[in-house]
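# Observations on the model geometry
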Amino acid sequence: MTKLVSMELLEAQDDSTASLPFARSYQLEALEQAVKQNTIAFLETGSGKTLISIMLLRSFAYLLRRPTNSYIAVFLVPTVVLVTQQAEVIETCTDLKVGKYWGDMGVDFWEASRWKDEQEKHEVLVMTPKILLDALSHTFIKLDMIKVLIFDECHNAKGKHPYACIMKDFYHRQLQTNEVPRIFGMTASPVKSKAKDTESYAYWKEISALETLMNSKVYTCVSEAVLAEYISFPNSKVQLYDEEIPDKLQNDLIVSVSSLKRTHINALKSMGVEESIEESLTHKLKKLSSTFQFCLRELGLWAALKATDVLSHEETDIFSWDTLDICGRTTIRAFIHDVKQELSANISSGLSWSISDVKSNMDARLITSKVICLAESLLGYRTLEGMRCIIFVERVITAMVLEAILEALLFQSTGWKAKYIAGNQSALKNQSRKEQNKIVNDFRNGTVHILVATSILEEGLDVQSCNLVVRFDPSYNVCSFIQSRGRARMQNSDFLLMVKRGDASELSRVQSYLSSGEIMRKESLSHTSLPCQPVEFDEFDDIFYRVPSTGAIVTLSSSVSLIYFYCSRLPSDGYFKPSPRCVFDEVLETCTLQLPNSCPIPSVSVKGDSKIVKQKLMKHYVCLEACKRLHEIGALTDKLVPDIVVEEGLVQELENEPYDDNQPSYVPHEFVSSDVRSCAAVYHCYLMKLKQDFYSEVPLHNIILVLRDELESDVGSMKFDMGVDWGYMSVNMKYAGTINLTPEQVVICRQFQVAVLQILKYRNVTKLSGELKDLFKWDKDNDMHGSHYDYLLLPCQWLQQYSSIDWECIFSASFLSNNVGVSSNSVNIETPHCENVYTKNGYIHPSVLQNCLVCTPHNGYIYCVSGFLEGMNGNSLLSVKDDEIITYKKYYEVRHGIDLAYENQTLLCGRQVFRPQNYLLSCRQKRENESSDASVELPPELCLVIMSPVSVSNFYTFSYVPSIMHRVESLLLSSNLRRIILNDCMPSIIIPAPKVLEAITTKHCQEGFHLESLETLGDSFLKYAVCQQLFNSFQNNHEGLLSIKKSKIVSNASLCKLGCQKRISGFIRFESFDPKNWIIPGDLSGSCVLEEECITSERKVYSKGNRQMKSKRIADVVEALIGAFLTTGGEVAALLFMNWLGIEVELSCVKYQRIFNIDPYKHVNISHLQSILNYTFKDPTLLVEALTHGSYMLPEIPRCYQRLEFLGDAVLDHLITIQLYAKYPGMTPGLLTDLRSASVNNDCYAQSTIRCGLYKHILHASQVLHKQLSATVTHFEKLSSKSTFGWDLDINFPKVLADIIESLAGAIFVDSGYNKDALVKSIVPLLEPLVTPETLKLHPVKELHDLCQKHNYCMGKPIRSLENGIPSITFEVEANGAIFKHTCTGKDKTLANKIASRAILKSLKESIPDL
């Protein structure tokens, strides 16, 4: 938006002083008075009242600036559109921090903490007055914290306007304490009423009343002459137009429109829609009819026809078309269409729509003489340069139609473009602020020349000065007249007043308006010395309720809105909106407020007395009493806001809490040592037996894991399988006792494992040399510190039926040490001899080349050599490309440029070292058999021996080590987490480490297990336990409040926070294992240093750094851990774990206490329902409560089913989930989720309600619900022969049908003393047949999503559109280059999504056979 300040103001440099150098004399006078006392600045529009308020803020700025002060200034504006406008002026002209507030920001739902934050951040708060009034009432803002309180357009301070309530209910009651703000009001007219008599006393009476209420004295200039030095006053002119009496055609058309209205209203009644919908549509039809009749009478036939065009366009959103249902759209459109047809039949074709053409056909009454007069008056200004005109009208429809008429009549001859602009409060048209700002900007830059406006431009949007202002409709009071006149600010501008010829009363009123300014000025000046009178309170002003602890207050006038606000926050659905209802008993002189049956207080009554005689006052009084009662029971907080608002604020605060996605990655302490120098010690040995289920030319050896600490039994005896290249390999680990190792043995063992694993991981001899040198340094340097992976993996050999460490193999590392220079021993190089073989090492004995590791420098490859290839040497033949046969000597000469000097030496049988892979993948592809060309022939003279003796089998075995140790490390992590939890809260509980491992492993790891099943189970138990706890602990809370409290406990944000506090995030596994990133034990490079973290005083782990983790992953793992404890330790273990987390829940049998004094047999058929449910109620009133819908507001039934539904939903979900988990123990992790989704959903429950006839017993009072139930049952019965496993039927089941199953489950659960077995016998049979893995069908939307994800099809976002008033949705999928699209029409989005997805699935499967 363009800044609405002058360039002089923008260039002001000294912001520290109050006054500004370019301020006018009267502005400085007003400022001087305002600094000393409360002041109302009564000055013309455009005279710079806002600048005075800016200078006043600058005067008080030293009391406002943060952080030294905590006071604020509040700038009140009467309309939303002024908030941003005035805030931008303050920001431009001061250095104060400004906050902006209006209703659409959701301030009604802000809690005290949010308001506290706003006051800490800002020094000036610009807002609409209702926001401040509410904030003061709830003590979110306290009056004594406001130093300056500015009222823009303060003439509005009358009656029950928020301006008046702020002053009367708060300022004047606190006036005696002197802890009140400086008041500064601004107005162009202190009188807001119709023209007064010429007697000045009538004006002074209203001015005095405003001064008294505002506790302020009026400041004004002595005459218009003072202002005329700075601003221009327009020339006021009266433009007379002729009165027209409607002719026969007009009257006939008016009667026709009225007749069409009645026809459509009668048609609406015959549709049998719900009463509230019928009333709403009837009101809209009457409003439209009145609008068309007004246009015919006041503007003409053409104007009425234009109105039908404007009101039927969807893009103008006249009636918020998207909020109307199909019936509403059809009804409104049909009526507008019929009116348009009727009007069009009476307009001749071929008219050019020029003024001359229209005037020559005045008998046709196309437009009235008033509109013609306006157009001709405007044409009189056609020679005016830079035309800027505002035409003020009373009705929005007038503005909209005049835009079209003026555009048609004037554009061709003048080039003028017209636009209308209307306020946001119009019931007919709701222009957005963005639209309004664009129109005003176009007017400023000259692309729009004429604005047809309602009162929004009187005291709303500021616009560039105009040279013509026209009052098409008369001003409704003095203030309106003065403000609209003030828009004509240019030199020699005109203010044109259209008056009906011969209307003496209107001419007299205009004369009064013209003289009113001078009279008000004189009266204000003549009473300047009089002090403000004390405000008078009537007997009802002292009736209010104040909360002693906070000072929050509700008055008679504010009590009604507070009750309605409270009721609006109660639970609702598509069939009823909770609202209070007042019932007057004239005989007993009582007023009873009946509250919705989800309210903890069913009704409140007051008896009339001499003070309370009018029904309206009794309504206020009973609402005030209800507010008091609601506060006493806690439904209204001590701030007098609904309890649910506070809970929602807490949930929002939790959701908004910053989450650091950098989370640690832990390493089990058993794998870590802080002193990696070699020393003698006792080590624990674990034999890892490796067994393949397939044949391999290379045999597999066992491995011995050597650790400083003994492992827990279930970790030390773990068993698991891995999918390898040609089948499966099992790993069976068992404890093998202890071993004493000398420092020298530890050194050589480390060197061996680092060498072997480095070669496998990097295949780089140079990098290996550096690692071994680092290892040697660490072993010798006493000053080097740090924690590193420290365990040994040693080769194993089978001797005399026992496994033992293969020390000969381990000592092959010494051969490597000699070659890389980390040992003082010399390399044993042989002299030339007939048996010795020449290599890159020199001459060596042939035995060294039996089972060794070599590298070939000419190509950088590393090979495992098993021995010699007898009978083959450099002169042997080799088959190469294109079946060419050459010798090995020739091959090396041609391919590598190497001339073999020892071509007669026997070739070596080599094989490239194995590449470690992730053998933990659940979907690993298997090879058919081992490659036949795995071995290669190597001339010895090209080989550099690295290690000897070490066999191919050793390297083959160690290629599996990264995957094996990743699983061992993961299980150790889970064991560590388990011990931390059990030691803290449940030492007697036994839970297997593999179960914990399952719970901390996400699907992204792609292993044979993940947390999804446990998460599903844990999620259901968590909600079941929390819902039962809340249901019992807060027996007066309605379902909406219980749901918010539940969300605060079980939301992802809450679970993530708890998980992070307990350090669970560091144990989570959420990435697929990559052997390239695996840390080799004994690797002492700086990147592998681990940091110690103490989880508890007794347990520590090590962190290898941070990784980014989504908060939902942590929440999922927390739920999965609940599921893990539940499946192994039962409900007790799960509850103990939840308590350890910080979710304190106790599943105890608490008596359900409520007042339900009814005879249940009078309301429902108890015996029949008990036979359906196979359950006999101890308290049959629970059955009545479970069947009562919220729309059934009878005083004798104080509650509806919502609370029982809240409980039953959670119980039934958990019951079915745990049954599925127990019934199908071998199911894949995702299957439980799919089975649960297909079994626990509204469609399944609704079908059960229909099948067993429970829908017949629902107590409700909604016509729409009755109609939908009847249609749904009829449709269902026609399709009842089809399969009904949840997603098959294209029916939109009313949610009430599913709610009833859940509420009945809740009722039985409570009545049976919280016995789940009672539900198994009563409710579960009603849901049969339950979905099984064989009958499972995914929801079409999920199936389509999974299919697109699996095959990488491109699924576009659903496209929603509106065709002929009916919403539709289009799904589109691109698969294999083809586009599959389907559009479904219907008002229910969920059903449309399902039908469209199913149609695309069918097309995909028909077109792509392999799916």
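This text follows the structure it describes.
Below is a summary of the structure that appears in this document. Computed from a predicted model, the values in this text were never measured in an experiment.

## Section: the state of the cysteines
Per the counting criterion, the structure on display carries zero disulfides. Of all cysteine sulfurs, the one in Cys 943 lies closest to Cys 852, which takes part in no disulfide; the gap is 7.6 Å. For Cys 852, a relative accessible area of 0% puts it in the buried group.

## A closer look at the sheet that holds strand E1 (residues 39-42)
Pairing in this open sheet of seven strands is parallel, and the strands run E3-E4-E2-E5-E6-E1-E7 from one edge to the other. Taken across any chain shown, the strands that pair with only one partner, and hence form the sheet edges, are strand E3 (98-101) and strand E7 (217-219). The sheet shows a mean angle of 20° between the axes of neighbouring strands, direction not considered. Against the sheet, helix H2 (residues 25-36) contacts E1, strand E6 (182-187) and E7, and its axis sits at roughly 165° relative to E7.

## A short note on the packing of helix H10 (residues 248-270) against helix H11 (residues 275-299)
To describe two helices that pack against each other, one gives the angle between their axes and the distance between the axes. At a closest axis distance of 10 Å, the pairing of H10 and H11 adopts a crossing angle of 170°. One way to sum up the angle between H10 and H11 is to call them roughly antiparallel. In this structure, H10 contributes Gln 250, Leu 253, Ile 254, Val 257, Ser 258, Lys 261, His 264, Ile 265, Leu 268 and Lys 269 to the contact, and H11 contributes Glu 278, Leu 281, Thr 282, Leu 285, Lys 286, Ser 289, Phe 292, Gln 293, Leu 296 and Arg 297. Tallied by class, the residues present in the contact of H10 with H11 amount to nine nonpolar, six polar and five charged.

## Let's talk about the packing of helix H18 (residues 478-485) against helix H19 (residues 504-526)
At a minimum axis separation of 10 Å, H18 and H19 run at an interaxial angle of 95°. One element, H18, and the other, H19, form an angle in the roughly perpendicular class. Facing H18, whose interface residues are Val 478, Phe 481, Ile 482 and Arg 485, H19 presents Tyr 513, Leu 514, Ser 516 and Met 520. Its residues placed into classes, the contact of H18 with H19 shows six nonpolar, one polar and one charged.

## Re the packing of aromatic side chains
Scanning all chains against the criterion turns up 31 aromatic pairs. When the ring of Tyr 101 is compared with that of Trp 115, the centres are 5.5 Å apart and the planes differ by 45°; the resulting orientation is tilted. Residue Tyr 101 is found in strand E3, and its partner Trp 115 is found in helix H5 (residues 112-121); the two are separated by 14 residues along the sequence. Accessibility classification places Tyr 101 together with Trp 115 in one group, the buried group. Judged by centre distance (5.1 Å) and plane angle (35°), the ring pair of Phe 481 and Tyr 513 falls under tilted.

Reading the values: the criteria
Residues numbered from 1 in each chain as written. Predicted model: local features only at pLDDT ≥ 70, side-chain atom pairs only at ≥ 80, totals over all residues. Heavy atoms only, no water. Disulfide = S-S within 2.5 Å. Buried < 20%, exposed > 50% of the residue type's maximum accessible area, 1.4 Å probe, protein only. Pairing = 2+ DSSP bridges. Helix = DSSP H or I, 4+ residues; strand = E, 2+ residues; numbered from the N terminus. Axes fitted to C-alpha atoms, helices over the stretch in contact; angles between N-to-C directions. Contact = heavy atoms within 4.5 Å. Parallel < 35°, antiparallel > 145°, perpendicular 65-115°, else oblique. Nonpolar A, V, L, I, M, F, W, Y, C, P; charged D, E, K, R; others polar. Phe/Tyr/Trp six-rings, centres within 6.5 Å; stacked < 30°, edge-to-face > 60°.

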